[in-house]
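Here's the letter readout for the chains.
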Amino acid sequence: MGHNPILVVGSLNMDQVVRVCRMPTWGETLLSPSSLQLVAGGKGANQAVAIARLGVPVSMAGRVGTDPFGTQLVTSLQADAIDTGLVVVDQEESSGAAFIFLGPDGDNAIVVVPGANMRVGLDQAQMFAISTAMRQARALVLQLEIPLATVQNLVATAWHIGIPIVLNLAPAQPLAVETLRQVSVLVLNETEASLLSGQRVSSVEDARIVGTVLHEQGIATVALTLGSRGAVLVFDDAHGQTCVIHQQAPKVQVVDSTAAGDCFAGALTVAIIEGKLPDEALRFAVTASTLKVTRFGAQSGLPRRAEVDAMLH
Ligand code: RIB
């Protein structure tokens, strides 16, 4: 089991990053102060890279098109020693793309054009290959940039096999309660938590309350990310008592918050696999994602293990 990989099933996107001073309004044309930058991204692929750079073997399952972006996205994963044997080249749809507007404070607004990602697992052959790989995996990591039916199916299969399931509810979409109850760790940001709970989440206190409500609905561990305010983790201790912990994020200069949530999800998965205690695991994930926001780009900005360890100590 020690060398078995973590299996990530999700999206691969070529991120087209446009710097803007502010968001345009409808009907308005803005000039960007710099040139277009292309960076490998996609929530699934980003989480796979985050895990690989933190030192755990990873297999990635997904779908790209026959276009050059597809080849670049796969090559980029291989550069981080990620097994891409389950990334199918789709003959009909083009590779996923994301249009990222990056503001001066490192904030962003993203439009994803899913392309081939929305065909992940729709064919029996890929579903069978993924389910087979899952039997050798240490954990399954999912997000919502692939069909919801695929996500629900994979969660059910992983639950039957008995491996930990980490689900990042991004981008925000409602999901069946039965699926959420089969998940070991649900990772969500303020927007996603608000959508799922129907309650506004805009402070650490809100996160504590909403995280507890979701946990009481049967989600084993809830991780709520809060940007510069860190993250909240809700889980049961060894005696079955609900515990709620908050980890503040170290203060840094934010360059680009893209993929901070992916970094958090990946790092939390690594920490859990390594058997870290909840407070240590949360600190590890918050530290990794804080490092991410100090760097440009999705995969280009994801930190390595030694950097996270150095910041922790
Ligand atoms: O979470 C960040 C990612 O969201 C970007 O890399 C982009 O591709 C979108 O999927």
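Residues numbered from 1 in each chain as written. Predicted model: local features only at pLDDT ≥ 70, side-chain atom pairs only at ≥ 80, totals over all residues. Heavy atoms only, no water.

Q: Would you take a moment to explain the overall build of the protein for this structure?
A: Each helix and strand counted, the protein has ten helices and 13 strands in total. Relative to the compact-globule value of 20 Å for 313 residues, the protein shows a C-alpha radius of gyration of 18 Å, a close match. Viewed in the frame of its principal axes, the protein has a C-alpha envelope of about 55 × 45 × 40 Å. In the protein, buried positions account for 50% of the 313 residues. Across the protein, every contact between residues at least 6 apart in sequence was considered, and the portion connecting residues at least 24 apart equals 66%. Averaging the locations of the 19 positively and 27 negatively charged side chains of the protein gives two centres separated by 4 Å. (Helix = DSSP H or I, 4+ residues; strand = E, 2+ residues; numbered from the N terminus. Rg over C-alpha atoms; globule rule 2.2 N^0.38 Å. Buried < 20%, exposed > 50% of the residue type's maximum accessible area, 1.4 Å probe, protein only. Contact = heavy atoms within 4.5 Å. Lys, Arg positive; Asp, Glu negative; His and termini not counted. Charge placed at Lys NZ, Arg CZ, Asp CG, Glu CD.)

Q: Before we go on, may I ask you to explain helix α9 (residues 278-293) in this structure?
A: With 16 residues, α9 should reach 22 Å at 1.5 Å per residue; the first-to-last C-alpha distance of 23 Å fits that figure. By the criterion of burial, α9 is predominantly enclosed, with twelve of the 16 residues buried. Those residues of α9 that are buried lie in contact with β12 (231-236), β13 (242-247), α8 (260-273) and α10 (305-312). (Expected span 1.5 Å × (residues − 1).)

Q: Mind showing me how you'd approach the site of the ligand here?
A: Contacts to the ligand come from N13, D15, G41, G42, K43, N46, A98, V112, E145, A259, D262 and A298. Within the contact set of the ligand, an oxygen atom lies 2.6 Å away from a side-chain nitrogen or oxygen of D15. Within the side chain of N46, a nitrogen or oxygen atom sits 3.0 Å from an oxygen atom of the ligand. In the complex, 96% of the free accessible area of the ligand, which totals 280 Å², lies under the protein chains. The cavity that encloses the ligand is the largest pocket. Across the shell around the ligand, the residue classes break down as four nonpolar, four polar and four charged. (Near = heavy atom within 4 Å. Polar contact = N/O pair within 3.5 Å; in protein donor to acceptor, adjacent residues only side chain to side chain. Areas by Shrake-Rupley, 256 points an atom, 1.4 Å probe, with all protein chains shown as cover. 1 Å grid on protein atoms, 1.4 Å probe; cavity = no way out; pocket = protein on both sides within 12 Å on 5 of 7 lines; lining within 4 Å. Sits in = over half its atoms within 2 Å of the grid points. Nonpolar A, V, L, I, M, F, W, Y, C, P; charged D, E, K, R; others polar.)

Q: What's the story with the packing of aromatic side chains in this structure? I'm lost.
A: Going through the model one piece at a time under the given rule, you end up with zero aromatic pairs. Lying over the aromatic face of F284, K276 brings its terminal NZ or CZ to 5.1 Å of the ring centre. (Phe/Tyr/Trp six-rings, centres within 6.5 Å; stacked < 30°, edge-to-face > 60°. Lys NZ or Arg CZ within 6 Å of the ring centre and 35° of its normal.)

Q: It is not clear to me how unusual backbone geometry should be interpreted in this structure. Could you clarify?
A: Trans peptide bonds make up the majority, and among non-glycine residues the majority have a negative phi. In this model, A170 is joined to P171 through a cis peptide bond whose omega is -5°. Summarising the element assignment, P171 is placed in the loop between β9 (165-168) and α5 (177-182). Even without being glycine, A81 reaches a positive phi, approximately 65°. When you line up the elements, A81 lands in the loop between α2 (68-79) and β5 (83-89). One non-glycine residue with positive phi stands out, namely A259, at about 70°.

Q: For this particular structure, what's the right way to read the side chain of N168?
A: As for its position among the elements, N168 is in strand β9. Beyond its immediate sequence surroundings of up to four residues, N168 is in contact with Q47, L142, Q143, L144, V187, E192 and D262.

Q: Would you mind showing me how to read the environment of K276 here?
A: The residue K276 is located in the loop between α8 and α9 in this model. Apart from the residues lying within four places of it in its own chain, the contact partners of K276 are A271, A281, F284 and R305.

Q: Looking at this structure, I do not really get the sheet that holds strand β10 (residues 185-189). What am I missing?
A: For sheets, the rule is that strands pair by backbone hydrogen bonds, running either parallel or antiparallel. Spatially, the nine strands line up as an open sheet ordered β5-β4-β1-β8-β9-β10-β11-β12-β13, and their pairing is mixed. The sheet terminates laterally at β5 and β13, the two strands that pair on one side only. In this sheet, adjacent strand axes meet at a mean angle of 15° when their direction is disregarded. Bridging between strand β4 (residues 58-64) and β5 involves five bridges; their strand directions are parallel. Across the sheet, V64 pairs through a bridge with V89, a residue of β5. Contacts between helix α6 (residues 190-197) and the sheet are confined to β9, β10 and β11 (221-225), with β10 contributing the most and set at about 110° to the helix. (Pairing = 2+ DSSP bridges. Axes fitted to C-alpha atoms, helices over the stretch in contact; angles between N-to-C directions.)

Q: What should I look at first to understand the pattern of salt bridges in this one?
A: A side chain of one charge can pair with a side chain of the opposite charge if their charged atoms are brought near each other. According to the stated counting rule, one finds twelve salt bridges in the structure shown. Between R63 and D90 there is a salt bridge, with its nearest N and O atoms 2.8 Å apart. Placement of R63 in strand β4 and of D90 in the loop between β5 and β6 (96-102) is noted, with a sequence separation of 27 residues between them. Of the two residues examined, R63 and D90, each falls in the buried class. The closest approach of N and O atoms between D123 and R63, which form a salt bridge, is 3.1 Å. (Salt bridge = Lys/Arg side-chain N within 4 Å of Asp/Glu carboxyl O.)

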